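# What the coordinates show
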Amino acid sequence: MELLVSSAIGVLTAGGIYLMLRLRTFPVILGISLLTYAVNVFLFASGRLTVGAPPILRDGVEVYTDPLPQALVLTAIVISFGMTAVVVMIGLGAYLGSNDDHVDDQPTSDDTSGGAA
Amino acid sequence: MSLFIIVALPFLGALLPGLMNSAGRAACAGVTFTVSLLAFVGLLTNLPSVIAGEVVTARVDWMPHLGLNFTLMLDGLGFFFALLILGIGLLIITYARHYLSRKDNMGEFFTYLLLFQGAMVGIVLSDNILLLLIFWELTSLSSFLLIGYWKHLPEGRQGARMALTVTGMGGLAMIGGMLILGQIVGSYDLSVILQNRALIQADPLYVPALILILLGCFTKSAQFPFHFWLPHAMAAPTPVSAYLHSATMVKAGIFLMARMWPVLSGTPEWFMIVTTAGLVTMVLGAVIALFKHDLKALLAFSTVSHLGLITMLLGTGTAFGAMAAVFHILNHATFKAALFMSAGIIDHEAHTRDIRRLGGLRKLMPVTFGVATLAALSMAGIPLLNGFLSKEMMLEEAGHTVLFGMPLLVPVMATVGSLFSAAYCFRLIGHVFLGPVRDDYPATPHDPGPGLWMPPGILVVLVVVIGVAPFMAEPFVKIVTASVLGEAADVPKNYIKIWHGLVPALYMSIVAVVGGLLLMMVFNPALRLWDAAPRPEAKRIFEAIVETAAAVARTLILPLHNGSFTRYAAIGTVAIVGAGLHAWSTGQVGAPTREAQPADLVQIAGWLMLVAATGGLVLMHRNRLLSLILIGIVGLMVSVGFVFFSAPDLAMTQFTVEVVTIILLLLALNFLPKTTPVESTMLRRIRDAGIAIAGGLATFALAHHYLLRDAIAAPISEFHLANSYKGGGGTNVVNVILVDFRGFDTYGEIIVLGIAALLIYALTETLLSSNVRARLLNRQPDQPRAGNQHPMMMVVLTRVIMPIVLLVGFYIFLRGHNEPGGGFIAGLIVSIAVVMQYMASGFGWASDRLRYPYHGVIGAGVLIAGMTGIGSWFVGKPFLTSDFTYVRIPPFEKFELATAALFDLGVFLAVVGAVMLSLESFSRLARTAHTEESDHPMDIDPSRDEPEREGA
């Protein structure tokens, strides 16, 4: 099971990095989202994997999973929504303003690189 | 007056000149003068204690674990410098009021001046070397602003930059030296450091510390080879030159050498470095000064020369040398500030500072002539003026100093320096004031009003009084000397007097003055010789060094930093993986301590779905709509994983966030191209895949490694599990952590979320007020629109579902403290319920029915959470301490009321507001000229009477 979770984290990370290195905004945003999943699951897994022991206190139950990473990841999920929204908005604004959704500056507009005028 | 107030006054007062700017120049200068005067009087109230030999202290612990405390002390030395800074400051403020023209922004000038004054007072009163360093850097910064005050002059900007570079780098070196010193002694308090002379000088790090600290002092006090910035700083307005570059700031380095004198001096290293630097600077500065034609440049190099003289005196390491240094600091401050102000007057009236264009001003400007001549004669070392006294002491000390085993070296060099010093003083008087009146001045010179000549006049009175009656200054000089010497030596018994008898110093003095006069007679041939001689131009060398450094930086950085974000991401990923690999290969890996849990088919199936969805997403990411569906599957599988691994709260959060994220991305995709074109080469894709696989393998290895091992220390979670019910009154530990144990974190997080939403709103507003608006309005849909945009089925269904979803949200919120749920999840659920109404009936219809703007909802949420936290102050508890009680209202069961629930309400509102504001902003962009806004919830409504839709 540990193998499944850690390999899933690895796959999500690899996919996220690959998409993050693309040239257009939309795949980059998707890549960052994939990385977010990977990071959240990674942080969550730092409490180690426990099946069937949610941190809801019950009489007579002694074994609970680690609640702290869960609390941290919960807010991380919500904040990452806010951050994704901001990044999407910036990407959208750039596209609407210039009709171009490249992540990098395009060299065609100004070939004389270096020094300011 | 408390030392804190004296230091704080200029800083607080710095706010005033800017405010008084519109009230006129007199008010602006007046308020600055009042602030300085208050600090000056405050300083004088401490005079009795200083005379009694006490050390006045004030202390507030700032960061005690770092050894950084706000400790101030006032002893003789500090008092002396503070007196110079505030006293001359008062004169300078008066002078500047009349010097600056109407075009100059006086508020800005006095703000900088007060900032500088505060920083300077801070340096001389600090009892903590870290605090001293902060003030030290502040003087560099404020001096940068003052030198560059005339922003339109390129020399001003260049001079300011050069001064900041040189003094800033010296400051950095000094930080290193001070930290070493603090490490040696184990305390950063000056009063402690000064007690540990033997310990410091025995330490192997003494020499590095000494060199680093001296670098700071030499750059600040313009000692060779760092002297070149000071003449370039003369591009500043003259009041600045008079204040910073003759009387105060350039003496900060001298001050620090004097302050550290008891612990650093007396060693061969100190003697060699400080005396040599001082001697070279003194002679070099005097020689260059003689041949300068710009009045201020002449004075600048003469300042360099005199600073060298003081440095040399401190370098000798004898008590008499220290006393001579203290006395010369006082004398130099008086005559040099007066000279600078006189130069400013001449510049102001004759519109030139070029000595070759002046001459004969004696008859036209008699008052200025009197002031400047007395000051210059004092500088030349003529008896009955104060410069003579300290120069005699310097020559006396030089006569006893043996450097490099050559007994004649120092006395001869000192005499040569004095000779040139006398020569340029005579040149100043002779070429500017004496001689025939000319008829080709750029402007007709005449004496200015008293506002300009009074300040230097007051200083010249001091020059004469001290010169004629040195016994009046002697007690003060001895008090200051005593605090310089500390416990390292006793104050010399010598008296400061005009006539010492026929001692060698008198002969040296006579040689210097007569030699100076003779040199003036052959000035023209000497000048031709000087002009013909090749000499390095410091500015060009400095610029070449800066250029080289910039070129090196460019060749290093530009290949990495070429403006391509994808390249940064690639480099960053490779660097992180590389660092991880290094750590992995050099560290030690322990054996697994946990057993791998078996996996069954269902889990493998879930894993396969996640991997397949991710793989599909990567392969098919060019079809953007499809990739959104695939990423939805990924999110869903992650949620399922959370449920499975005992995290119901996370699963609910992930699931609801997934819904709003997909809606958000769909809204964005509405505007963006629907496919991603193929642009990158195959090679590049292989490279990216390589980086991605390396990153994936690294995280896989790391995760797999720690999942099979227990944490090396016991996690703090035990505390949370044990106290969740007892202390927080809830059985859902995750929720109790969020709203109680780590409530402050959560509070910060909802604020961040709110800021993100407001940022999105602001960006939308910006877009809609730019030319993008027209493009959006005229946008032709690139895909066929649905004929029925607000279908009846959907409208009816969402209306029916709405109360149910709200009820679920309410339920989830209420039970959150004890069962999975809580403010975050309830907020997301309620947002989805509201978003459904927007989707069904359109933006216009839904926002017409919006009663509270979402900004207000965010604000209310943050406020409620904050007020809940503050509430605990009223019962004397720290911020966000929670309380709870159990209530029973028949016929319900006993239930619990906790302040944490109120906090959770704040979280709930902030989440609803933030999510809705973000989504609403996106949908506002989507309104085009072609979409008709309907007042009705749905397009086709059998109950409506009108046969046709409006505008159709």
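Residues numbered from 1 in each chain as written. Chains lettered and ligands numbered in written order. Predicted model: local features only at pLDDT ≥ 70, side-chain atom pairs only at ≥ 80, totals over all residues. Heavy atoms only, no water.

## Examining the overall build of chain A
Selection rule: Here a strand is any run of E in DSSP of at least two residues, a helix any run of H or I of at least four, and the numbering for each starts at the N terminus. Note on exposure labels: buried denotes an accessible area under 20% of the residue type's maximum, exposed denotes more than 50%, and partly exposed covers the range between, all computed with a 1.4 Å probe on protein chains only. Note on definitions: a residue-residue contact is assigned when non-hydrogen atoms from the two residues lie within 4.5 Å. Using a 1.4 Å probe, accessible areas were evaluated by the Shrake-Rupley method; residue-level cover was limited to the displayed protein chains.
A count of helical and extended segments in chain A gives three helices and zero strands. The helix and strand sequence of chain A, counted from the amino end, reads α-α-α. For chain A, buried positions account for 67% of its 117 residues. For chain A, contacts bridging at least 24 residues in sequence account for 51% of all contacts bridging at least 6. Per element, the accessible surface of chain A, about 4400 Å² overall, is 62% carbon and sulfur.

## Here we look at the overall build of chain B
Within chain B, the regular secondary structure consists of 41 helices and four strands. With 952 residues in all, chain B has 53% of them scored as buried. Residue pairs in contact within chain B that sit at least 24 positions apart in sequence constitute 79% of those at least 6 positions apart. In the form shown here, chain B has an accessible surface area of approximately 41100 Å², with 70% of it arising from carbon and sulfur atoms.

## Comments concerning a nonpolar patch on the surface
To keep things clear, this is the line we draw: For patch detection, residues must exceed 30% relative accessible area and be free of salt bridges, and they are connected within 9 Å for like charges or within 5 Å for nonpolar side chains (Val, Leu, Ile, Met, Phe, Trp, Tyr). Salt bridge, as used here, is a side-chain nitrogen of Lys or Arg placed within 4 Å of a carboxyl oxygen of Asp or Glu.
Taken together, the side chains of Trp-499, Leu-502, Tyr-507, Ile-510, Val-514, Leu-518, Met-521 and Val-522 of chain B present a nonpolar region at the surface, about 880 Å² in accessible area. Relative to the elements of secondary structure, Leu-518 of chain B occurs in helix H25 (residues 504–521).

## Quick look at the packing of helix H3 (residues 67–98) of chain A against helix H31 (residues 648–669) of chain B
This is how the line gets drawn: Comment: axis = line fitted to C-alpha atoms, over the contacting stretch for helices; angle = value between 0 and 180 degrees taken between N-to-C directions. Roughly parallel covers angles under 35 degrees, roughly antiparallel covers those over 145, roughly perpendicular covers 65 to 115, and oblique covers all other angles. Basically, the charged four are Asp, Glu, Lys and Arg, the nonpolar ten are Ala, Val, Leu, Ile, Met, Phe, Trp, Tyr, Cys and Pro, and anything else, Gly included, counts as polar.
H31 of chain B packs onto H3 of chain A with a crossing angle of 5 degrees between their chain directions and a minimal axis gap of 10 Å. One way to sum up the angle between H3 of chain A and H31 of chain B is to call them roughly parallel. Between H3 of chain A and H31 of chain B, the residues in contact are Gln-70, Val-73, Leu-74, Ile-77, Val-78, Phe-81, Ala-85, Val-88 and Leu-92 of chain A and Asp-649, Leu-650, Thr-653, Gln-654, Val-657, Val-660, Thr-661, Leu-664, Leu-665 and Ala-668 of chain B, respectively. Here the residues of the contact of H3 of chain A with H31 of chain B sort into 14 nonpolar, four polar and one charged.

## Section: the pattern of salt bridges
In total, this model carries 20 salt bridges over all chains according to the counting rule given. Put simply, Arg-353 of chain B and Asp-347 of chain B hold a salt bridge, and the shortest N to O gap is 3.5 Å. On the basis of relative accessibility, which here comes to 17%, the residue Asp-347 of chain B falls in the buried class. Three or more residues joined by partner-sharing salt bridges are found here, namely Arg-22 of chain A together with Arg-684, Arg-687 and Asp-688 of chain B.

## Some words on the pairing of strand S1 (residues 56–63) of chain B
Residues and elements named next belong to chain B. Rule in force here: Strands qualify as paired when DSSP identifies two bridges or more between them.
Bridge count for S1 against strand S2 (residues 68–74) is six bridges, and the pairing is antiparallel. Across the sheet, Val-60 pairs through a bridge with Phe-70, a residue of S2. Counting the residues in the hairpin turn of S1 and S2 gives four residues, including Gly-67, whose phi is positive at 80 degrees.

## Points about the packing of aromatic side chains
To keep it simple, the criterion reads: Within 6.5 Å between ring centres, the rings of Phe, Tyr and Trp (the latter by its six-membered ring) count as paired, and their orientation is classed by plane angle as stacked under 30 degrees, edge-to-face over 60, tilted in between. Geometrically, a charge over a ring is one whose NZ (Lys) or CZ (Arg) sits within 6 Å of the ring centre while staying within 35 degrees of the ring normal.
Enumeration according to the criterion identifies 24 aromatic pairs over all chains in this entry. Consider the rings of Phe-11 of chain B and Phe-135 of chain B, whose centres lie 6.1 Å apart with planes at 25 degrees: the pair is stacked. Here the residue Phe-11 of chain B occupies a position in helix H1 (residues 3–13), and Phe-135 of chain B occupies one in helix H7 (residues 129–147), the gap between them amounting to 124 residues. Sitting over the face of the ring of Tyr-18 of chain A, Arg-22 of chain A holds its NZ or CZ atom 4.2 Å from the ring centroid.

## Comments concerning the interface of chain B and chain A
Convention followed: Distance and chemistry together define a polar contact, namely a pair of N or O atoms within 3.5 Å, with one atom able to donate a hydrogen and the other to accept it when in protein, and with adjacent residues in sequence counting only for side-chain atoms on both sides.
Opposite the 110 residues of chain B that make contact, chain A presents 79 residues. One can count four salt bridges joining chain B with chain A. Its salt-bridge partner being Asp-101 of chain A, residue Arg-624 of chain B comes within 3.1 Å of it at the nearest N-O pair. Linking chain B with chain A are 29 residue pairs in polar contact (both at pLDDT 80 or more). Tallying contributions element by element places helix H32 (residues 682–707) of chain B first for the side of chain B that touches chain A, with 16 residues. Tallied by class, residues from the side of chain B that touches chain A come to 66 nonpolar, 29 polar and 15 charged.

## Re the side chain of Glu-658 of chain B
By the secondary structure assignment, Glu-658 of chain B is in helix H31. With residues up to four places along the chain from it excluded, the contact list for Glu-658 of chain B reads Tyr-37 of chain A together with Ile-631, Gly-632, Gly-635 and Leu-636 of chain B.

## Focus: helix H17 (residues 295–315) of chain B
Residues and elements named next belong to chain B. Here is the rule: One fewer than the residue count of a helix, multiplied by 1.5 Å, yields its expected span.
With 21 residues, H17 should cover 30 Å at 1.5 Å per step; its first-to-last C-alpha distance of 30 Å lies within 8% of that length. Of all 21 residues making up H17, 21 are buried, and the element is well covered by its neighbours. Where H17 terminates, the next one or two residues include Gly-317, which has phi positive at roughly 75 degrees.

## Structural notes on the confidence of the model for chain B
The condition is simple: What pLDDT expresses is the predictor's confidence in each residue, scored from 0 to 100.
In the predicted model, chain B carries a mean pLDDT of 87, and 98% of its residues have values of at least 70. Per-element mean pLDDT across chain B ranges from 72 in strand S4 (residues 895–898) of chain B up to 94 in helix H29 (residues 601–619) of chain B.

## Brief notes about the side chain of Asp-447 of chain B
All names here are of chain B. Worth spelling out the cut-off: The sign given to each residue is positive for Lys and Arg and negative for Asp and Glu; His and the chain ends receive no count.
Secondary-structure assignment places Asp-447 in the loop between helix H22 (409–433) and helix H23 (450–468). In this structure, Asp-447 is buried with no salt-bridge partner, the nearest side chain bearing the opposite charge being Arg-362 at 12 Å. A polar contact of 2.8 Å, which involves the side chain of Asp-447, links it to the backbone nitrogen of Val-367. A distance of 2.6 Å separates polar atoms of two side chains, one belonging to Asp-447 and the other to Thr-368. Ignoring anything within four residues of it in the chain, the contact list for Asp-447 reads Leu-364, Met-365, Pro-366, Val-367 and Thr-368.

## Quick word on the packing of helix H18 (residues 319–350) of chain B against helix H24 (residues 474–485) of chain B
Residues and elements named next belong to chain B. Put simply, the rule is: Note on convention: near helix rotated counterclockwise from far helix by under a right angle means a left-handed crossing. Clockwise means right-handed.
At a closest axis distance of 9 Å, the pairing of H18 and H24 adopts a crossing angle of 125 degrees. In this view, H18 runs oblique relative to H24, as classed from their interaxial angle. Once H18 is placed against H24, the crossing between them reads as right-handed. Here Ala-319, Ala-322, Met-323, Val-326 and Phe-327 of H18 lie close against H24, whose contacting residues are Val-477, Lys-478, Val-480, Thr-481, Val-484 and Leu-485. The class makeup of the residues in the contact of H18 with H24 is nine nonpolar, one polar and one charged.

## Quick look at unusual backbone geometry
Residues and elements named next belong to chain B. Residues Phe-224 and Pro-225 are joined by a peptide bond in cis, for which omega reads 5 degrees. Its place among the elements puts Pro-225 in the loop between helix H11 (206–220) and helix H12 (229–232). The phi angle at Ala-222 is positive, at roughly 55 degrees, despite the residue not being glycine. Note on Ala-222: relative accessible area 0%, which makes it buried. For Leu-384, which is not a glycine, the phi torsion comes out positive at approximately 75 degrees. Tracing the sequence through the fold places Leu-384 in the loop between helix H20 (366–380) and helix H21 (386–399).

## So, the environment of Ile-510 of chain B
Within the element layout of this structure, Ile-510 of chain B appears in helix H25. It is 9.3 Å that separates the C-alpha atoms of Ile-510 of chain B and Leu-419 of chain B, two residues lying 91 residues apart in sequence.

## With respect to the nonpolar core
The line we're drawing: Definition of nonpolar core: a set of buried residues of the types Ala, Val, Leu, Ile, Met, Phe, Trp, Tyr and Cys, connected through side-chain atoms within 4.5 Å.
Counting 200 residues, the largest nonpolar core has Met-178, Trp-229 and Leu-264 of chain B as the members making the most contacts within it. With near-sequence residues (within four places) excluded, Met-178 of chain B lies in contact with Ile-129, Leu-132, Leu-133, Tyr-188, Ile-213, Leu-256 and Met-260 of chain B. Grouped together as the second largest cluster of nonpolar side chains are 122 residues, Leu-19 and Leu-92 of chain A together with Val-618 and Val-911 of chain B included.

## Some remarks on the confidence of the model for chain A
The pLDDT averaged across chain A works out to 86; a share of 91% of its residues lies at or above 70. When the criterion is pLDDT under 50, residues 109–117 of chain A qualifies, and its contacts beyond four places in sequence or with other chains add up to zero contacts.

## Comments concerning the environment of Val-734 of chain B
Tracing the backbone shows Val-734 of chain B in helix H34 (residues 733–741). Judged by relative accessible area, Val-734 of chain B falls into the buried class, the value being 0%. Separated by 86 residues in sequence, Val-734 of chain B and Pro-648 of chain B have C-alpha atoms that sit 9.8 Å apart. With residues near it in sequence (within four places) discarded, Val-734 of chain B still touches Pro-55, Pro-67, Gln-70, Ala-71 and Leu-74 of chain A together with Asp-649 of chain B.

## Some points on the environment of His-102 of chain A
Relative to the assigned elements, His-102 of chain A resides in the segment after H3. C-alpha of His-102 of chain A to C-alpha of Arg-22 of chain A: the two residues are 80 residues apart in sequence and 9.2 Å apart in space. In this structure His-102 of chain A touches Leu-23, Arg-24 and Thr-25 of chain A together with Glu-679 of chain B, once residues within four positions along its chain are discounted. Reaching out from His-102 of chain A, the side chain makes a polar contact with the side chain of Asp-100 of chain A at a distance of 2.7 Å. At 2.6 Å, the side chain of His-102 of chain A and the side chain of Glu-679 of chain B are in polar contact.

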